[in-house]
Amino acid sequence: MKVSKRKGPLQEKQREKTHTMRKTKRICVRCRFYKSGCDEGDPCQKCNKIEGHARSFREPCYREHLEDTSIIRRCNGREQQEEAEFLGYDWKPGSQLWEMDILWNLPGYGRIPNAQPMRVAFRPYSPRRGSLDTATSVWTTKEGDVCAVEQPAYAIYDTANLVSAFERYFSSLQPAIEAWIFDRIQHDEIATHTYREVFRMRSVHGSRALDLAMRLQCLSVVSQGYGTVWSNNIPGIQEYDYRHLGRSDYEAYDRNSRDRPLPGAITHQMDVAAVKYLRKLEKLFVKELASLIFKPKIKPWYELFLTFYVIFWNLEYINKGAKGYMKAKNGTLIEHQVNNVVNNQVKKWEFAFPVLLYHWRCTLRGYSPFKLARDNPDELRERGHIDAEGFAYVTEIAKIFDRLSPDRFQPPLTGFSATHHSFVSEWITKLFKEAGA
Ligand SMILES: [Zn+2]
Ligand SMILES: [Zn+2]
């Protein structure tokens, strides 16, 4: 005889939970790969069935999706915004619109060569909301001194048009920014070889994933740069000699010249425009990345490898930038708000990395191209799905790894090369190791 028990409140709750899980739990990556039906089990039935005797897909059941990761900076620390957004300003009644030419500087480098200025229309506002409206920029030097530069309370009037103007302006400067990246990596053999291949695959094979990855990277570099007021007839704009202001852990404050910094509100608005453009590119990029990874039959592993390299380099770069920014704000009044928001952002990147690496392993499914370059180069050349230049690259990198293993490698202690070397990056080293380097 069947006994039906009345469901208590606890069981009812459990049922609800299962129900919502059914709606929200995402398909596992293996089932997404093979386009088979998934279930809520842990592991799911499909993964459970093949456990221990899978021929190629040996990864555990895993449900974190690329689409849920964050690979760009979305926050603005200074204004305590997890998602950077424009602020409203209390415009001075009866005030006029003025025009200002802005020149952009790349971190630790200065003006972008041959760049024309960008013109914006601004208006004076009344700073009445304390630190929210401040026109002052404050940071701490390496020696622990607090610096402050102040400009008048001016803000860009039409922020709706700023985003598209920003996109057009910085898209036109992409080649100059790519030259900055090449300059940075000149002492990093691996990066130099890899970026050459990135550029080649982008132009010869028309890789959209690589094109978007490079755009993301260039924009990340831009967003760690800073603007200069180029027009010299703007009332109230002051010039500061940064050489007398001490060195900073954040490159944008580490200027080696005299400069007319942008008013604080305009700096924030330019940053929001950058973040909005970054978000748009990230969305397009992740979609493209997923379409390559989940492509039926042969996976374009080489294109994906180069794409992951660029993205990991960039994650490393924005991570370092975020930490330098926090250091530069230590000892200032906004220290705590900056630490809070920026630390949350860093956690999101730390979450993204294993998700990306899992997808990289799924792409490879045990395939080990760099190992093959050593053990069986003919097999790699004939059946590796790479062209002659790609084959030459993989062979060269395998040799470099044999010569300077990352475990033995000591980076040079001078300049930027030390902080931007492929082997110093745990993330980039793992990308290579998974592929047998
Ligand atoms: Zn599944
Ligand atoms: Zn599964």
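Residues numbered from 1 in each chain as written. Chains lettered and ligands numbered in written order. Predicted model: local features only at pLDDT ≥ 70, side-chain atom pairs only at ≥ 80, totals over all residues.

## Notes on helix α9 (residues 301–329)
The terminal C-alpha atoms of α9, which comprises 29 residues, lie 42 Å apart, in line with the 42 Å expected from a rise of 1.5 Å per residue. Most of α9 is tucked away: 25 of the 29 residues are buried. Positive backbone phi, at 85°, marks G331, one or two positions downstream of α9. (Helix = DSSP H or I, 4+ residues; strand = E, 2+ residues; numbered from the N terminus. Expected span 1.5 Å × (residues − 1). Buried ≥ 20, exposed ≤ 12 C-beta atoms within 10 Å, placed from the backbone.)

## Examining the environment of P43
Looking at where P43 falls in the secondary structure, it is placed in the loop between α2 (29–34) and α3 (45–50). Under the C-beta neighbour-count criterion, P43 is labelled partly exposed, with 17 such atoms within 10 Å. Residues P43 and R63 lie 20 residues apart in sequence; the distance between their C-alpha atoms is 9.9 Å. Dropping the residues within four chain positions of it, P43 is found in contact with N48, P60 and C61. (Contact = placed C-beta atoms within 7 Å.)

## Describing the packing of helix α10 (residues 335–364) against helix α14 (residues 426–434)
For the pair α10 and α14, interaxial distance at closest approach is 10 Å and the crossing angle is 15°. In terms of orientation, α10 and α14 fall into the roughly parallel class. The handedness of the crossing between α10 and α14 comes out as right-handed. Taking contact as the criterion, the partners of F353, L357, W360, R361 and L364 in α10 are, on α14, W427, K430, L431 and E434. Grouping the amino acids of the contact of α10 with α14 by side-chain chemistry returns six nonpolar, no polar and three charged. (Axes fitted to C-alpha atoms, helices over the stretch in contact; angles between N-to-C directions. Parallel < 35°, antiparallel > 145°, perpendicular 65-115°, else oblique. Left-handed = near helix turned anticlockwise from the far one by under 90°. Nonpolar A, V, L, I, M, F, W, Y, C, P; charged D, E, K, R; others polar.)

## Describing the nonpolar core
In this structure, A213, A274, F308, Y309, F312 and F370 are the most contacted members of the largest nonpolar core, which totals 106 residues. No other element matches α9, which puts 18 residues into this core. Setting aside chain neighbours within four positions, we find A274 in contact with F166, L219, V222 and S223. (Core = buried A, V, L, I, M, F, W, Y, C linked by C-beta atoms within 7 Å.)

## Quick look at the confidence of the model for the chain
The predicted model of the chain has a mean per-residue pLDDT of 88, with 90% of residues at 70 or higher. Model confidence for the chain, summarised as mean pLDDT per element, is weakest for helix α1 (residues 9–24) at 53 and strongest for helix α11 (residues 369–375) at 97. Every residue in residues 414–419 scores below 50 in pLDDT, and together they form ten contacts with partners more than four places removed in sequence or on other chains. (pLDDT = per-residue confidence, 0-100.)

## Looking at the environment of R32
Here R32 is to be found in helix α2. By the C-beta count within 10 Å, which is 18 here, R32 ends up partly exposed. On a C-alpha basis, the gap between R32 and H65 in space is 9.9 Å, while along the polypeptide they are 33 residues apart. Ignoring any residue separated from it by four or fewer positions in sequence, one finds R32 in contact with I27 and F294.

## Focus on the pairing of strand β4 (residues 136–140)
Successive side chains on a regular strand alternate, one facing one side of the sheet and the next facing the other. Burial of β4 is extensive: four of the five residues sit out of reach of the surface. In this sheet, strand β5 (residues 146–150) lies alongside β4 in antiparallel orientation, the contact comprising five bridges. Residue pairing in the sheet places S137 in a bridge with V149 of β5. In sequence, β4 turns back onto β5 through a hairpin of five residues, with G144 there showing a positive phi of about 90°. (Pairing = 2+ DSSP bridges.)

## A look at the pairing of strand β7 (residues 226–229)
Of the two faces of β7, the one holding Y226 and T228 and the one holding G227 and V229 are both buried throughout. In terms of strand pairing, strand β1 (residues 98–106) meets β7 through four bridges, oriented antiparallel. Bridging from a neighbouring strand, I102 pairs with V229 of β7.

## Side note on the packing of α9 against α14
Where α9 meets α14, the axes come as close as 8 Å, and the angle between the chain directions of the two elements is 160°. Regarding the angle of α9 to α14, the classification is roughly antiparallel. The element α9 and its partner α14 pack so that their crossing is right-handed. On α14, the residues that touch F308, Y309, F312, W313, L315 and E316 of α9 are W427, I428 and L431. Residues belonging to the contact of α9 with α14 are distributed by class as follows: eight nonpolar, no polar and one charged.

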